[in-house]
Amino acid sequence: MTDKNNKAVPMVKAEGVHKSFGAAHILKGIDLEVAPKEVFCLIGPSGSGKSTFLRCINHLEKINAGRLSVDGELVGYREHNGKLYELRDREVAARRRDIGMVFQRFNLFPHMTAVENVMEAPVQVKGESKASARERALKLLDRVGLKDKAGNYPSQLSGGQQQRVAIARALAMEPKLMLFDEPTSALDPELVGDVLDVMKDLAADGMTMVVVTHEMGFAREVGDSLVFMDDGVVVESGHPRDVLTKPQHERTKSFLSKVL
Amino acid sequence: MSVDVDKAARPPQDAPPPLPEPIKAVPVRHYGRWVAALLVIAVLALLVRAFATGNVNWDAIPDYLFNSDILRGLRNTLLITVLSMVIGVVLGVILAVMRQSKNPVTSTVAWFYIWFFRGTPVYVQLFLWFNLGLVFQYIDIMPIYKDEWSDFMTPFLCALLGLGLNEAAYMAEICRAGLTAVDEGQTEAAHALGMSHGKTLRRIVVPQAMRVIVPPTGNEVINMLKTSSLVIAVQYYDLLQSAQNVGRDSGVVVEMLILAAVWYLVATSVLSVGQYYLERHYARGSSRQLPLTPLQKAKAKLSGGFNRSAAGGA
């Protein structure tokens, strides 16, 4: 993926992104770029807009102003002769196939077993045969260390296991970008490690990942870049080691002093 | 995969834990309970005696239980119940989706429909359908069908439309409650995987909404079975109508009413059993382990062990 200047097209590019819910102005002009194969961490206090920004990337929320593109294509719009056309639901759904998302509260489908959760989208969206989808699903469950739980319903799994199934479910669509919305925040401390291990494994495989997280250890160890957001703007960004150890802004310093 | 809670809870056979001496004490005597039980039994006995010695020809009831007219009435009652519920459920689902639609016209129309059909007694609605010939003299679906309204609107069709359209209003509210009960995260997760609105609704939301929708719908079916006795208003030959006809012809009016009550009880009991299994089916995944059905319990007792797990197989 290269443009005219032979420079890699950013996987995610945000220019002056604004988002408000009614009178609440959540995002106040976000500019950032995520390069392919990069692990991009978003940190910040709750209410700073990091989750909202993540949800904008796959159009679960509509942005109010600015431009947001994934792999060179605008999110939610088609540009033709300098005019923007809103995408139909079908087209939005088609773009989302390439973007995996992992939620804070897992959101597994409770009426399906683990393997059925993973198979669902390939069969229903891509039209893959059930046999081949099941085979791939079992491989993915094996990859996240849950091969023997394939026949269990989500209610029979621990939080950490559910989140790993959710990651496998997103991977089943073979996405080019994975979004993680505080994937370990709803987990017991002792279960966090298993989920982070799976994410590290993914990062090592070269997956492009945008991770909203409170796990500073993960950000430092695995992250390629890190952004500190507060009150709807990017306060500071850079390599995780630099931002976490030598923060330049007062706001970043006070936040890190509380969480580290 | 089977997780057997019963087995895990039981102590291993070879090492019985030493039980301490159980407490020996004089239990509290509940004299009030004895008095209450005796009172209730006495009242029941009086009631039974009153009915048994009353001026009721009990022998007539078994004689007419399988009378062909009664059975025809029963068949018609079951038929109208099932068909009205089908109309009610299909139209109810459509109305529920219409009410949630972003289009203000469809949602308002759905609201108005529910307002009208829930706001008027079904008995009145049945009479209205019966007398709609005053408004429409002919029915004319150009190439297919043309007839006088009174010929077209048979008692059967009156009963079907009256009950079905009324039921749709109630089913719409039940379905709407079911759809809104499903966590929004489920829709988001499905959308994030690239599923369309329709697929999300069909594959993810509706199967989960069913768990909320099925129990009240079972009640609606049982209600419908009983409400269908109102179709006497449009002269449809249902169970109650047949019982009254037979009773009038044979001079056993009250006996036939009791007989009708017996048949209604049989039908509602059968429906209750069906509802139990339907609810169990849609409980998949919501509880860690499904309770055994009575049949499975009996089988397990016969085979002398609880080594079957229902959780994975239902």
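Everything in this summary refers to the structure shown in the same document. (Residues numbered from 1 in each chain as written. Chains lettered and ligands numbered in written order. Predicted model: local features only at pLDDT ≥ 70, side-chain atom pairs only at ≥ 80, totals over all residues. Heavy atoms only, no water.)

1. So, the overall build of chain A
Spelled out, the test is: Starting at the N terminus, helices and strands are each numbered in turn, a helix being any DSSP run of H or I of at least four residues and a strand any DSSP run of E of at least two. Radius of gyration: over C-alpha atoms. The globule rule applied is 2.2 Å multiplied by the number of residues raised to the 0.38 power. For each residue, the accessible area found with a 1.4 Å probe, counting protein chains only, is set against the maximum for its type, and the residue is called buried under 20%, exposed over 50%, and partly exposed in between.
Of regular secondary structure, chain A possesses nine helices and twelve strands. The globule rule puts the C-alpha radius of gyration for 260 residues at 18 Å, and the 19 Å found for chain A is close to it. For chain A, the spread of C-alpha atoms along the three principal axes comes to 50 × 50 × 40 Å. Residue burial in chain A is summarised as follows: out of 260 residues, 55% are buried.

2. Structural notes on the packing of helix α9 (residues 184-192) of chain B against helix α10 (residues 197-227) of chain B
All names here are of chain B. Cut-off, in case you're wondering: Axes, fitted as lines to C-alpha atoms, cover a helix only where it is in contact. Angles between the N-to-C directions of the axes lie from 0 to 180 degrees. The crossing is said to be left-handed when, going from far helix to near helix, the turn is anticlockwise and less than a right angle, and right-handed when the turn is clockwise. Should any heavy atoms of two residues lie within 4.5 Å, those residues are counted as being in contact. Amino acid classes used here: Ala, Val, Leu, Ile, Met, Phe, Trp, Tyr, Cys and Pro are nonpolar; Asp, Glu, Lys and Arg are charged; the rest, including Gly, are polar.
For the pair α9 and α10, the least separation of the axes is 10 Å and the interaxial angle reads 145°. Helix-helix and strand crossings are classified by hand; for α9 and α10 the assignment is right-handed. Across the interface between the two elements, Q186, T187, A190 and H191 from α9 touch H197, T200, I204, V205 and Q208 from α10. Residue classes in the contact of α9 with α10 are distributed as three nonpolar, six polar and no charged.

3. With respect to the packing of aromatic side chains
Residue and element names in this part refer to chain A. To be explicit about the condition: Side-chain rings of Phe, Tyr and Trp (the six-membered ring for Trp) are treated as a pair once their centres are within 6.5 Å; stacked means planes under 30 degrees apart, edge-to-face means over 60, and tilted covers the remaining angles. Should the NZ of a Lys or the CZ of an Arg lie within 6 Å of a ring centre and within 35 degrees of the ring normal, that charge is described as sitting over the ring.
Using the criterion set out here, one finds ten aromatic pairs over all chains in the structure. Centre to centre, the rings of F228 and F255 are 5.1 Å apart; their planes meet at 40°, and the pair counts as tilted. Of this pair, F228 sits in strand β11 (residues 225-230) while F255 sits in helix α9 (residues 250-259), and the two are 27 residues apart along the sequence. Judged by its relative accessible area of 0%, F228 falls in the buried class. Seen from the ring of F109, R169 lies directly overhead, with NZ or CZ sitting 4.5 Å from the centre.

4. Looking at helix α1 (residues 50-57) of chain A
Residue and element names in this part refer to chain A. Counting buried residues in α1 gives seven out of eight residues, a clear majority hidden from the surface. Of the residues making up α1, those classed as buried are K50, T52, F53, L54, R55, C56 and I57. H59 lies just past α1 and shows a positive phi near 65°.

5. Topic: a nonpolar patch on the surface
Quick reminder of the rule: Residues enter patches when their relative accessible area tops 30% and they take part in no salt bridge; the joining distance is 9 Å for like charges and 5 Å for the nonpolar side chains Val, Leu, Ile, Met, Phe, Trp and Tyr. Under the convention used here, a 1.4 Å probe and the Shrake-Rupley method define accessible areas, while residue burial counts only the protein chains that appear. The term salt bridge refers to a pairing of a side-chain nitrogen on Lys or Arg with a carboxyl oxygen on Asp or Glu at a separation within 4 Å.
The grouping of V35, L39, V40, V43, L44, L47, F51 and W58 of chain B at the surface amounts to a nonpolar patch, some 760 Å² of accessible area in total. Checked against the element boundaries, F51 of chain B lands in helix α2 (residues 31-53).

6. A few points about the interface of chain B and chain A
Inclusion rule: By convention, the term buried area covers the 1.4 Å-probe accessible surface removed from two parts as they join, with the contributions of both added. Identification of polar contacts relies on pairs of N or O atoms within 3.5 Å, with a donor-acceptor requirement for protein atoms, meaning one able to donate a hydrogen and the other able to accept it, and with residues adjacent in sequence counted only if both atoms are side-chain atoms.
Each partner contributes residues to the interface: chain B has 23 residues there, and chain A has 29 residues. Where chain B abuts chain A, roughly 2400 Å² becomes buried across the two surfaces, and 54% of that area is made up of carbon and sulfur atoms. Broken down residue by residue, the surface that chain B buries against chain A is led by E188, A192 and L193 of chain B, which jointly contribute 24%. Measuring nitrogen to oxygen at the nearest pair gives 2.7 Å for the salt bridge that ties E120 of chain A to R203 of chain B. Counting across the interface, chain B meets chain A through seven residue pairs in polar contact (both at pLDDT 80 or more). Contributing elements (two or more residues each) for the side of chain B that touches chain A: α9 and α10 of chain B. The greatest single-element share of the side of chain B that touches chain A, amounting to seven residues, is contributed by α9 of chain B.

7. Some details on the side chain of E182 of chain A
Residues and elements named next belong to chain A. Structurally, E182 can be placed in the loop between β9 (177-181) and α6 (189-204). Engagement of the side chain of E182 in a polar contact is seen with the side chain of S185, the distance being 2.9 Å. Non-local contacts of E182, meaning those with residues more than four positions away in its chain, are made with K50, S51, Q104, V212 and H214.

8. Section: the sheet that holds strand β10 (residues 208-212) of chain A
Residues and elements named next belong to chain A. Spelled out, the test is: Two strands are said to pair when DSSP picks up at least two bridges between them.
Spatially, the six strands line up as an open sheet ordered β8-β9-β10-β3-β11-β12, and their pairing is mixed. In this open sheet, the two strands that pair with only one neighbour each are β8 (99-102) and β12 (233-238). Between one strand axis and the next, the sheet turns by 15° as a mean value, whatever way the strands run. Where β9 and β10 come together, five bridges link them in parallel fashion. Bridge pairing in β10 links L179 to V210. Across the sheet, α1 is in contact with β3 (39-43), β8, β9, β10 and β11; its angle to β9 comes to roughly 150°. Across the sheet, helix α5 (residues 159-171) lies against β8 and β9, angled at about 170° from β8, the strand it touches most.

9. Some details on the pairing of β9 of chain A
All names here are of chain A. Condition: Call a crossover right-handed when, viewed with both strands pointing away from you, the route from the first strand across the helix to the second goes clockwise.
Of all five residues making up β9, five are buried, and the element is well covered by its neighbours. Because side chains alternate across β9, one face comprises the buried residues L177, L179 and D181, and the other comprises M178 and F180, equally buried. With respect to chirality, the unit in which β9 leads through α6 into the neighbouring parallel β10 is right-handed.

10. Considering the packing of helix α3 (residues 114-124) of chain A against α5 of chain A
The relative placement of two packed helices comes down to the angle between their axes together with the axis-to-axis distance. All names here are of chain A. Here is the rule we go by: Between 65 and 115 degrees an angle is taken as roughly perpendicular, under 35 as roughly parallel, over 145 as roughly antiparallel, and anywhere else as oblique.
Relative orientation of the contacting elements α3 and α5 amounts to 25°, with a least axis distance of 8 Å. Overall, the two elements α3 and α5 adopt an arrangement that is roughly parallel. Judged by the sense of rotation from one axis to the other, the crossing of α3 with α5 is right-handed. Touching A114, N117 and V118 of α3 are V165, A168 and R169, all from α5. When the residues that make up the contact of α3 with α5 are grouped by side-chain class, the tally is four nonpolar, one polar and one charged.

11. Things to note about the pairing of β3 of chain A
Residue and element names in this part refer to chain A. Of all five residues in β3, five are buried; the element is thus mostly enclosed. Side chains V39, C41 and I43 project from β3 onto one buried face, and the interleaved F40 and L42 project onto a second face that is buried too. In this sheet, β10 lies alongside β3 in parallel orientation, the contact comprising four bridges. Residue pairing in the sheet places F40 in a bridge with V210 of β10. Bridging between β3 and β11 involves four bridges; their strand directions are parallel. Each residue of the ladder has a partner; that of F40, found in β11, is S225.

12. Quick notes on the nonpolar core
Residue and element names in this part refer to chain A. So the rule is basically this: For our purposes a nonpolar core is just a set of buried Ala, Val, Leu, Ile, Met, Phe, Trp, Tyr and Cys residues, chained together by side-chain atoms within 4.5 Å.
Among the nonpolar cores identified, the biggest contains 51 residues, and L141, I167, M178, F180, M199 and M209 are the most heavily contacted of them. It is α6 that contributes the most residues to this core, eight residues altogether. Dropping the residues within four chain positions of it, F180 is found in contact with L54, V102, I167, M199, L202, M209, V210, V211 and V212. Counting residues in hydrophobic clusters, the runner-up holds 40 residues, among them I63, I99, V210 and V227.

Such coordinate-based values are descriptive only and should not be taken to indicate function.
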